[in-house]
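Here is how the chains run, residue by residue.
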Amino acid sequence: MDHSKSTIGFIGGGNMAQALLAGLLRAGHEPAALRVADPDPAQQARLQELSPDLGVGADNFAVAAAAEMIVLAVKPQVLAGVAQAVGPRAGQLVVSVAAGITLPTLENWLGAGTPCVRVMPNQPALVGAGMSVLCATPSVSDAQREQATYLAGAGGDTAWVEDESLMDAVTAVSGSGPAYFYLLMEILEATARDMGIAPEVARKLAVQTALGTGLTASETGSPPAELRKMVTSPGGTTQTALEVLEQGKIRELFGMALEAARRRSVELGRDA
Ligand SMILES: NC(=O)c1ccc[n+]([C@@H]2O[C@H](COP(=O)([O-])OP(=O)(O)OC[C@H]3O[C@@H](n4cnc5c(N)ncnc54)[C@H](OP(=O)(O)O)[C@@H]3O)[C@@H](O)[C@H]2O)c1
(Lines give C-alpha, C1' and ligand atoms only; values in the text may rest on other atoms or scores of the structure.)
Protein backbone atom coordinates (compact mmCIF):
# COMPACT_ATOMS: atom_id res chain seq x y z
CA MET A 1 0.00 0.00 0.00
CA ASP A 2 1.19 3.54 -0.77
CA HIS A 3 1.61 5.46 2.50
CA SER A 4 3.35 8.46 0.96
CA LYS A 5 0.33 10.76 1.28
CA SER A 6 -0.85 9.66 4.72
CA THR A 7 -1.01 12.41 7.35
CA ILE A 8 1.53 11.93 10.11
CA GLY A 9 1.66 14.25 13.14
CA PHE A 10 4.84 14.43 15.22
CA ILE A 11 4.60 15.71 18.80
CA GLY A 12 8.16 16.80 19.64
CA GLY A 13 10.50 17.78 16.82
CA GLY A 14 13.97 16.94 18.19
CA ASN A 15 16.68 14.55 17.02
CA MET A 16 14.58 11.44 16.57
CA ALA A 17 11.64 13.23 14.94
CA GLN A 18 14.02 15.01 12.54
CA ALA A 19 15.74 11.72 11.67
CA LEU A 20 12.39 10.08 10.85
CA LEU A 21 11.09 13.15 8.98
CA ALA A 22 14.28 13.35 6.89
CA GLY A 23 13.90 9.66 6.06
CA LEU A 24 10.24 10.05 5.11
CA LEU A 25 11.05 13.01 2.86
CA ARG A 26 13.94 11.06 1.26
CA ALA A 27 11.52 8.21 0.59
CA GLY A 28 9.20 10.64 -1.25
CA HIS A 29 6.57 11.31 1.41
CA GLU A 30 4.33 14.28 0.59
CA PRO A 31 5.82 17.12 2.75
CA ALA A 32 2.47 18.84 3.32
CA ALA A 33 1.11 15.60 4.87
CA LEU A 34 3.78 15.79 7.59
CA ARG A 35 3.09 18.04 10.60
CA VAL A 36 5.22 18.68 13.66
CA ALA A 37 4.54 20.44 16.97
CA ASP A 38 7.46 21.68 19.06
CA PRO A 39 7.50 24.62 21.50
CA ASP A 40 11.07 25.73 20.67
CA PRO A 41 11.31 28.37 17.87
CA ALA A 42 14.92 27.33 17.09
CA GLN A 43 13.78 23.73 16.70
CA GLN A 44 10.87 24.89 14.51
CA ALA A 45 13.33 26.69 12.23
CA ARG A 46 15.48 23.54 11.92
CA LEU A 47 12.36 21.51 11.09
CA GLN A 48 11.28 23.98 8.43
CA GLU A 49 14.72 23.63 6.83
CA LEU A 50 13.91 19.98 6.13
CA SER A 51 11.20 21.19 3.74
CA PRO A 52 9.39 24.54 3.32
CA ASP A 53 6.12 22.60 2.88
CA LEU A 54 6.37 20.78 6.21
CA GLY A 55 3.62 21.87 8.62
CA VAL A 56 5.51 23.22 11.64
CA GLY A 57 3.86 24.75 14.71
CA ALA A 58 3.55 24.68 18.48
CA ASP A 59 0.01 23.33 18.92
CA ASN A 60 0.20 19.65 19.91
CA PHE A 61 -3.55 19.18 19.86
CA ALA A 62 -4.00 20.64 16.35
CA VAL A 63 -1.18 18.50 14.93
CA ALA A 64 -2.55 15.36 16.58
CA ALA A 65 -6.15 16.06 15.53
CA ALA A 66 -5.24 16.29 11.83
CA ALA A 67 -3.17 13.08 11.71
CA GLU A 68 -3.94 9.48 10.77
CA MET A 69 -0.86 8.47 12.76
CA ILE A 70 0.41 10.43 15.81
CA VAL A 71 4.09 10.03 16.63
CA LEU A 72 5.08 10.84 20.21
CA ALA A 73 8.72 11.93 19.97
CA VAL A 74 9.24 13.85 23.23
CA LYS A 75 11.52 12.83 26.10
CA PRO A 76 10.06 10.12 28.34
CA GLN A 77 9.91 12.56 31.32
CA VAL A 78 7.31 14.79 29.60
CA LEU A 79 5.40 12.05 27.78
CA ALA A 80 2.66 11.54 30.40
CA GLY A 81 1.42 15.14 30.16
CA VAL A 82 1.78 15.24 26.38
CA ALA A 83 -0.05 11.92 25.83
CA GLN A 84 -2.91 12.86 28.14
CA ALA A 85 -3.39 16.22 26.37
CA VAL A 86 -3.34 14.74 22.86
CA GLY A 87 -6.57 12.75 23.30
CA PRO A 88 -6.59 10.53 20.19
CA ARG A 89 -9.84 9.93 18.27
CA ALA A 90 -11.16 6.52 17.24
CA GLY A 91 -9.18 5.15 14.29
CA GLN A 92 -5.99 7.08 15.01
CA LEU A 93 -2.80 5.13 15.59
CA VAL A 94 -0.37 6.40 18.24
CA VAL A 95 3.30 5.52 17.89
CA SER A 96 5.75 6.22 20.71
CA VAL A 97 9.52 6.23 20.29
CA ALA A 98 10.14 6.99 23.99
CA ALA A 99 12.65 4.67 25.60
CA GLY A 100 11.32 2.59 28.49
CA ILE A 101 7.64 3.63 28.33
CA THR A 102 5.57 0.44 28.14
CA LEU A 103 2.40 -0.16 26.12
CA PRO A 104 0.16 -0.56 29.21
CA THR A 105 1.48 2.80 30.53
CA LEU A 106 0.82 4.46 27.15
CA GLU A 107 -2.67 2.98 26.95
CA ASN A 108 -3.34 4.17 30.47
CA TRP A 109 -2.41 7.75 29.48
CA LEU A 110 -4.14 7.68 26.08
CA GLY A 111 -7.28 5.77 26.99
CA ALA A 112 -8.02 2.03 27.14
CA GLY A 113 -8.21 0.38 23.72
CA THR A 114 -6.21 3.12 21.91
CA PRO A 115 -4.18 1.39 19.17
CA CYS A 116 -0.54 1.97 20.30
CA VAL A 117 2.78 0.95 18.83
CA ARG A 118 6.01 1.22 20.77
CA VAL A 119 9.21 1.62 18.77
CA MET A 120 12.78 1.23 20.04
CA PRO A 121 14.93 3.01 17.47
CA ASN A 122 18.68 3.54 17.69
CA GLN A 123 21.03 6.43 16.97
CA PRO A 124 22.08 5.44 13.40
CA ALA A 125 18.48 6.34 12.40
CA LEU A 126 20.02 9.85 12.19
CA VAL A 127 21.76 8.74 8.96
CA GLY A 128 19.02 6.36 7.79
CA ALA A 129 20.92 3.26 8.96
CA GLY A 130 19.08 2.61 12.22
CA MET A 131 17.53 -0.55 13.62
CA SER A 132 14.03 -0.13 15.02
CA VAL A 133 12.09 -2.80 16.86
CA LEU A 134 8.32 -2.47 17.19
CA CYS A 135 5.57 -4.00 19.31
CA ALA A 136 1.85 -3.27 19.41
CA THR A 137 -1.24 -3.45 21.58
CA PRO A 138 -3.83 -6.06 20.47
CA SER A 139 -6.13 -3.34 19.08
CA VAL A 140 -3.59 -2.40 16.36
CA SER A 141 -4.84 -3.65 12.97
CA ASP A 142 -2.65 -5.24 10.29
CA ALA A 143 -2.97 -2.07 8.20
CA GLN A 144 -1.81 0.03 11.18
CA ARG A 145 1.15 -2.31 11.72
CA GLU A 146 2.09 -1.69 8.10
CA GLN A 147 1.79 2.08 8.68
CA ALA A 148 4.08 1.87 11.74
CA THR A 149 6.61 -0.26 9.81
CA TYR A 150 6.57 2.38 7.07
CA LEU A 151 7.31 5.12 9.63
CA ALA A 152 10.09 3.26 11.45
CA GLY A 153 11.51 2.11 8.09
CA ALA A 154 12.25 5.78 7.32
CA GLY A 155 15.09 5.47 9.87
CA GLY A 156 16.54 2.19 8.59
CA ASP A 157 15.67 -1.48 9.08
CA THR A 158 12.79 -2.81 11.21
CA ALA A 159 11.71 -5.92 13.12
CA TRP A 160 8.65 -6.77 15.24
CA VAL A 161 8.43 -8.58 18.58
CA GLU A 162 5.10 -9.88 19.87
CA ASP A 163 6.17 -10.19 23.52
CA GLU A 164 6.76 -6.69 24.91
CA SER A 165 9.08 -7.94 27.67
CA LEU A 166 11.65 -8.61 24.89
CA MET A 167 11.93 -4.83 24.39
CA ASP A 168 14.33 -4.79 27.38
CA ALA A 169 16.64 -7.23 25.58
CA VAL A 170 16.25 -5.21 22.37
CA THR A 171 17.23 -2.06 24.28
CA ALA A 172 20.37 -3.83 25.57
CA VAL A 173 21.36 -5.13 22.11
CA SER A 174 20.40 -2.59 19.42
CA GLY A 175 19.32 0.42 21.51
CA SER A 176 22.57 0.66 23.47
CA GLY A 177 24.46 -1.29 20.79
CA PRO A 178 25.96 1.66 18.88
CA ALA A 179 27.89 2.60 22.06
CA TYR A 180 29.59 -0.82 22.14
CA PHE A 181 30.80 -0.39 18.56
CA TYR A 182 31.91 3.22 19.25
CA LEU A 183 33.92 1.97 22.23
CA LEU A 184 35.66 -0.55 19.99
CA MET A 185 36.37 2.22 17.47
CA GLU A 186 37.80 4.39 20.27
CA ILE A 187 40.10 1.54 21.33
CA LEU A 188 41.27 0.86 17.76
CA GLU A 189 41.92 4.57 17.16
CA ALA A 190 43.81 5.13 20.43
CA THR A 191 45.92 1.99 19.98
CA ALA A 192 46.74 2.90 16.37
CA ARG A 193 47.98 6.30 17.62
CA ASP A 194 50.03 4.65 20.38
CA MET A 195 51.63 2.48 17.70
CA GLY A 196 52.75 5.63 15.86
CA ILE A 197 50.01 6.08 13.24
CA ALA A 198 49.03 9.73 12.55
CA PRO A 199 45.79 10.78 14.36
CA GLU A 200 43.75 11.44 11.20
CA VAL A 201 44.81 8.11 9.71
CA ALA A 202 44.16 6.30 13.03
CA ARG A 203 40.55 7.63 13.07
CA LYS A 204 40.04 6.53 9.46
CA LEU A 205 41.37 3.03 10.15
CA ALA A 206 38.90 2.62 13.02
CA VAL A 207 35.83 4.14 11.38
CA GLN A 208 36.26 2.72 7.88
CA THR A 209 36.99 -0.75 9.29
CA ALA A 210 33.78 -0.58 11.33
CA LEU A 211 31.78 0.68 8.34
CA GLY A 212 33.20 -1.93 5.96
CA THR A 213 32.64 -4.75 8.45
CA GLY A 214 28.99 -3.79 8.99
CA LEU A 215 28.38 -3.42 5.26
CA THR A 216 30.03 -6.76 4.48
CA ALA A 217 27.91 -8.57 7.07
CA SER A 218 24.77 -6.82 5.83
CA GLU A 219 25.38 -7.22 2.09
CA THR A 220 26.62 -10.84 2.09
CA GLY A 221 24.05 -11.99 4.68
CA SER A 222 26.69 -14.47 5.91
CA PRO A 223 26.84 -15.22 9.66
CA PRO A 224 29.43 -13.00 11.39
CA ALA A 225 31.20 -16.11 12.74
CA GLU A 226 31.76 -17.32 9.16
CA LEU A 227 33.03 -13.92 7.99
CA ARG A 228 35.37 -13.79 11.00
CA LYS A 229 36.82 -17.19 10.07
CA MET A 230 37.48 -15.87 6.55
CA VAL A 231 39.84 -13.20 7.97
CA THR A 232 41.46 -15.58 10.48
CA SER A 233 44.28 -17.60 8.87
CA PRO A 234 45.72 -20.32 11.12
CA GLY A 235 48.77 -19.00 12.94
CA GLY A 236 48.28 -15.48 11.56
CA THR A 237 47.95 -12.05 13.16
CA THR A 238 44.15 -12.13 13.54
CA GLN A 239 44.19 -15.51 15.25
CA THR A 240 46.88 -14.29 17.65
CA ALA A 241 44.78 -11.22 18.55
CA LEU A 242 41.55 -13.20 18.92
CA GLU A 243 43.26 -15.68 21.26
CA VAL A 244 44.17 -12.77 23.56
CA LEU A 245 40.52 -11.57 23.51
CA GLU A 246 39.20 -15.09 24.25
CA GLN A 247 41.71 -15.51 27.10
CA GLY A 248 40.38 -12.18 28.47
CA LYS A 249 36.90 -13.77 28.38
CA ILE A 250 35.43 -11.21 26.00
CA ARG A 251 32.30 -13.32 25.38
CA GLU A 252 31.50 -13.63 29.10
CA LEU A 253 32.23 -9.92 29.61
CA PHE A 254 29.87 -8.87 26.82
CA GLY A 255 27.24 -11.34 28.06
CA MET A 256 27.42 -9.72 31.51
CA ALA A 257 27.31 -6.19 30.06
CA LEU A 258 24.22 -6.93 27.96
CA GLU A 259 22.46 -8.63 30.85
CA ALA A 260 23.20 -5.60 33.07
CA ALA A 261 21.75 -3.29 30.38
CA ARG A 262 18.64 -5.51 30.06
CA ARG A 263 18.09 -5.44 33.84
CA ARG A 264 18.53 -1.64 33.90
CA SER A 265 15.93 -1.30 31.14
CA VAL A 266 13.48 -3.38 33.24
CA GLU A 267 14.16 -1.10 36.25
CA LEU A 268 13.70 2.11 34.25
CA GLY A 269 10.42 0.81 32.77
CA ARG A 270 9.17 0.03 36.28
CA ASP A 271 10.00 3.57 37.49
CA ALA A 272 8.40 5.32 34.49
N1 LIG B 1 18.02 10.25 19.99
C2 LIG B 1 18.13 8.93 20.00
O3 LIG B 1 19.13 8.34 19.59
C4 LIG B 1 16.99 8.08 20.53
C5 LIG B 1 17.09 6.68 20.49
C6 LIG B 1 16.03 5.90 20.99
C7 LIG B 1 14.87 6.52 21.48
N8 LIG B 1 14.80 7.88 21.50
C9 LIG B 1 13.56 8.47 22.05
O10 LIG B 1 13.10 9.50 21.22
C11 LIG B 1 12.42 10.46 22.02
C12 LIG B 1 12.91 11.83 21.61
O13 LIG B 1 14.33 11.88 21.83
P14 LIG B 1 15.22 12.98 21.11
O15 LIG B 1 16.62 12.56 21.23
O16 LIG B 1 14.63 13.28 19.77
O17 LIG B 1 14.95 14.21 22.11
P18 LIG B 1 15.04 15.76 21.81
O19 LIG B 1 16.02 16.04 20.73
O20 LIG B 1 15.17 16.45 23.14
O21 LIG B 1 13.58 16.09 21.21
C22 LIG B 1 12.42 16.24 21.96
C23 LIG B 1 11.73 17.52 21.47
O24 LIG B 1 10.44 17.61 22.08
C25 LIG B 1 10.23 18.96 22.49
N26 LIG B 1 9.23 19.05 23.53
C27 LIG B 1 9.41 19.14 24.90
N28 LIG B 1 8.21 19.24 25.51
C29 LIG B 1 7.26 19.21 24.53
C30 LIG B 1 5.85 19.27 24.54
N31 LIG B 1 5.15 19.40 25.68
N32 LIG B 1 5.20 19.20 23.35
C33 LIG B 1 5.87 19.08 22.20
N34 LIG B 1 7.22 19.03 22.13
C35 LIG B 1 7.90 19.08 23.28
C36 LIG B 1 11.61 19.37 22.97
O37 LIG B 1 11.68 20.78 23.05
P38 LIG B 1 12.65 21.41 24.19
O39 LIG B 1 14.03 21.07 23.78
O40 LIG B 1 12.33 22.86 24.11
O41 LIG B 1 12.27 20.77 25.50
C42 LIG B 1 12.50 18.79 21.86
O43 LIG B 1 12.58 19.65 20.76
C44 LIG B 1 12.75 10.16 23.48
O45 LIG B 1 11.59 9.69 24.12
C46 LIG B 1 13.82 9.12 23.42
O47 LIG B 1 13.66 8.15 24.45
C48 LIG B 1 15.81 8.68 21.04
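Residues numbered from 1 in each chain as written. Predicted model: local features only at pLDDT ≥ 70, side-chain atom pairs only at ≥ 80, totals over all residues.

1. Remarks on the environment of Cys-135
For Cys-135, the location among the structural elements is in strand β7 (residues 130–136). Counting along the chain gives 57 residues from Cys-135 to Ala-192, while the straight-line C-alpha distance between them is 42 Å. Discounting residues that sit within four places of it in the chain, Cys-135 has contacts with Leu-103, Arg-118, Trp-160, Val-161, Glu-162, Glu-164 and Met-167. (Helix = DSSP H or I, 4+ residues; strand = E, 2+ residues; numbered from the N terminus. Contact = placed C-beta atoms within 7 Å.)

2. Overview of the domain arrangement of the protein
Per the domain assignment, the segments of the protein are domain 1 (8–167) and domain 2 (175–271). Here the C-alpha centre of domain 2 lies 31 Å away from the C-alpha centre of domain 1. Taken together, the contact between domain 1 and domain 2 spans 7 residues of the former and 6 residues of the latter. Looking at the side of domain 1 that touches domain 2, its residues break down into 3 nonpolar, 4 polar and no charged. (Domains from an automatic or database assignment. Nonpolar A, V, L, I, M, F, W, Y, C, P; charged D, E, K, R; others polar.)

3. Comments concerning the sheet that holds strand β8 (residues 156–160)
Taken in spatial order, the 8 strands line up as β3-β2-β1-β4-β5-β6-β7-β8 in an open sheet, and their pairing is mixed. Looking at which strands have only one partner, the edges of the open sheet turn out to be β3 (55–57) and β8. The sheet shows a mean angle of 20° between the axes of neighbouring strands, direction not considered. Bridge count between strand β1 (residues 8–11) and strand β4 (residues 69–72): 4 bridges; the pairing is parallel. (Pairing = 2+ DSSP bridges. Axes fitted to C-alpha atoms, helices over the stretch in contact; angles between N-to-C directions.)

4. So, unusual backbone geometry
Backbone geometry at Lys-249 places phi at a positive 60°, although glycine is not the residue there. Summarising the element assignment, Lys-249 is placed in the loop between α11 (237–247) and α12 (250–271).

5. Notes on the site of the ligand
In the vicinity of the ligand, 25 residues are found, and the nearest of them are Gly-12, Gly-14, Met-16, Ala-98 and Ala-99. Within the residue set of the shell around the ligand, elements represented by two or more residues are α1 (15–26) and α4 (76–86). Class assignment of the residues belonging to the shell around the ligand gives a composition of 14 nonpolar, 8 polar and 3 charged. (Near = placed C-beta within 6 Å.)

6. Re the pairing of β1
For a regular strand, the rule is simple: side chains alternate between the two faces of the sheet. A two-sided burial pattern is seen for β1, the buried positions comprising Ile-8 and Phe-10 on one face and Gly-9 and Ile-11 on the other. Bridge count between β1 and strand β2 (residues 34–37): 4 bridges; the pairing is parallel. Its bridge partner lying in β2, Gly-9 is registered against Arg-35. A crossover links β1 with its parallel partner β2, the connecting element being α1, and its sense is right-handed. (Buried ≥ 20, exposed ≤ 12 C-beta atoms within 10 Å, placed from the backbone. Right-handed = clockwise from strand over helix to strand, strands pointing away.)

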